Amino acid sequence: MKILKASMALVLLMMLMPMISNAQGPVTTLEFPNAAKALDVVQKYTKALQAGDVATMNAQLAPGAMIHGLGGGMDSLTVAQHREYYTNSTNQYKHTLSNELYLPVKVTNNWNEGEWVFSWGVNTIQDKKTGKTIPVPYHTAGRVENGKIVSLRYWYDMWNIMESQGFEVKPPSK
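For clarity, every value in this text was computed on a predicted model and none was experimentally measured.

Undergrad: Residue-level account of the layout of surface pockets, with values.
TA: The computed volume of the largest pocket comes to approximately 620 Å³. Tyr85, Ser89, His95, Ile125 and Ile161 are the residues nearest the centre of the largest pocket, which is lined by 30 residues in total. Contributing elements (two or more residues each) for the lining of the largest pocket: helix H2 (35–51), helix H4 (79–92), strand E4 (93–108), strand E5 (114–127), strand E6 (133–145), strand E7 (148–156) and helix H5 (158–164). Broken down by element, the lining of the largest pocket gets its largest block of residues, five residues, from H4.

Rendered as structure tokens:
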């Protein structure tokens, strides 16, 4: 009888295992049908930045896209504000990207569901008047839908920018 109960418990457990293992949380996939297109859109955006071509940058954005993190804060820019921001930036500075790395990722069953392209690199910004350069390590995460960027988040090293403007970080006085 004990063997029968143990066997039945084992069978029940084996029957439930697929249900338990199928109750998954977030899933990320590196290979998905739109990966190449998503990657192309984000790379076209970054190549346009290097060329100072704000119109082509904005053409990669969906009409209602939101851009977060430019200016170092928790700010959000609309497509029109993005155009203004980068028109001012490319008029004053030349942007040269290097050490670029791109990773398309599809996320399902999570709050950030969608097709994303993550990128990392260094944006060397050169002041067009003075020739002074500032290397700025960066990371972006762009969510792509229907061949357009609908959300773009920037993270970059503000320390280099602030230091180039003469700011100093001093330890607190004792």
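Undergrad: Lay out the sheet that holds strand E3 (residues 76–77) with the relevant residues and their values.
TA: The strand order E1-E4-E5-E6-E7-E2-E3 describes an open sheet built from seven strands, whose pairing is mixed. The sheet is open, and its two borders are formed by strand E1 (27–29) and E3, each paired with just one other strand. By the bridge criterion, eight bridges tie E6 to E7 in an arrangement that is antiparallel. Residue pairing in the sheet places Val144 in a bridge with Ile149 of E7.

Undergrad: Can you explain H4? Please cite residues and give values.
TA: Here H4 spans 20 Å end to end across 14 residues, near enough to the 20 Å set by a 1.5 Å rise per residue. Val79, His82, Tyr86, Ser89 and Thr90 are the residues of H4 that are buried. Down the axis, H4 shows its buried residues gathered within 90 degrees of arc, on one side only. Away from its buried face, by an angle of more than 90 degrees, H4 presents the exposed residues Glu84 and Asn91. In this structure, the buried residues of H4 make contact with H2, helix H3 (54–59), strand E2 (61–68), E3, E4 and E7.

Undergrad: Describe a nonpolar patch on the surface, and please don't skip the residues or the numbers.
TA: There is a patch of nonpolar side chains on the surface, built from Leu30, Leu101, Leu103 and Trp120 and spanning about 360 Å² of accessible area. Position of Trp120 among the secondary structure elements: in strand E5. For Trp120, a relative accessible area of 32% corresponds to the partly exposed category.

Undergrad: How would you explain the pairing of E7 if you had to name every residue and give the values?
TA: Direction of pairing for E2 relative to E7: parallel, over a ladder of four bridges. Paired with His68 across the bridge in E7 is Arg153. Here E6 folds back onto E7, and the loop between the two strands holds two residues, one of which, Asn146, carries a positive phi near 50 degrees.

Undergrad: Now, about the environment of Ser98: what can you tell me, with residues and values included?
TA: Residue position: Ser98 is located in strand E4. C-alpha of Ser98 to C-alpha of Pro137: the two residues are 39 residues apart in sequence and 9.4 Å apart in space. Those residues in contact with Ser98 that lie beyond four places of it in its chain are Gly121 and Val122.

Undergrad: Tell me about the confidence of the model for the chain, and please be specific about residues and values.
TA: Averaged over every residue, the pLDDT of the chain is 86; the share at 70 or more is 84%. When pLDDT is averaged over each element of the chain, H3 comes out on top at 98 and helix H1 (residues 2–22) at the bottom at 37. Confidence drops under a pLDDT of 50 for residues 1–22, and excluding neighbours within four residues, the segment shows zero contacts in the predicted structure.

Cut-offs and rules
- Residues numbered from 1 in each chain as written.
- Predicted model: local features only at pLDDT ≥ 70, side-chain atom pairs only at ≥ 80, totals over all residues.
- Heavy atoms only, no water.
- 1 Å grid on protein atoms, 1.4 Å probe; cavity = no way out; pocket = protein on both sides within 12 Å on 5 of 7 lines; lining within 4 Å.
- Points joined across faces, edges and corners; volume = space filled by probe spheres on them.
- Helix = DSSP H or I, 4+ residues; strand = E, 2+ residues; numbered from the N terminus.
- Pairing = 2+ DSSP bridges.
- Expected span 1.5 Å × (residues − 1).
- Buried < 20%, exposed > 50% of the residue type's maximum accessible area, 1.4 Å probe, protein only.
- Arc of directions from axis to C-beta.
- Contact = heavy atoms within 4.5 Å.
- Patch = residues over 30% accessible without salt bridge, like charges linked within 9 Å, V, L, I, M, F, W, Y side chains within 5 Å.
- Areas by Shrake-Rupley, 256 points an atom, 1.4 Å probe, with all protein chains shown as cover.
- Salt bridge = Lys/Arg side-chain N within 4 Å of Asp/Glu carboxyl O.
- pLDDT = per-residue confidence, 0-100.

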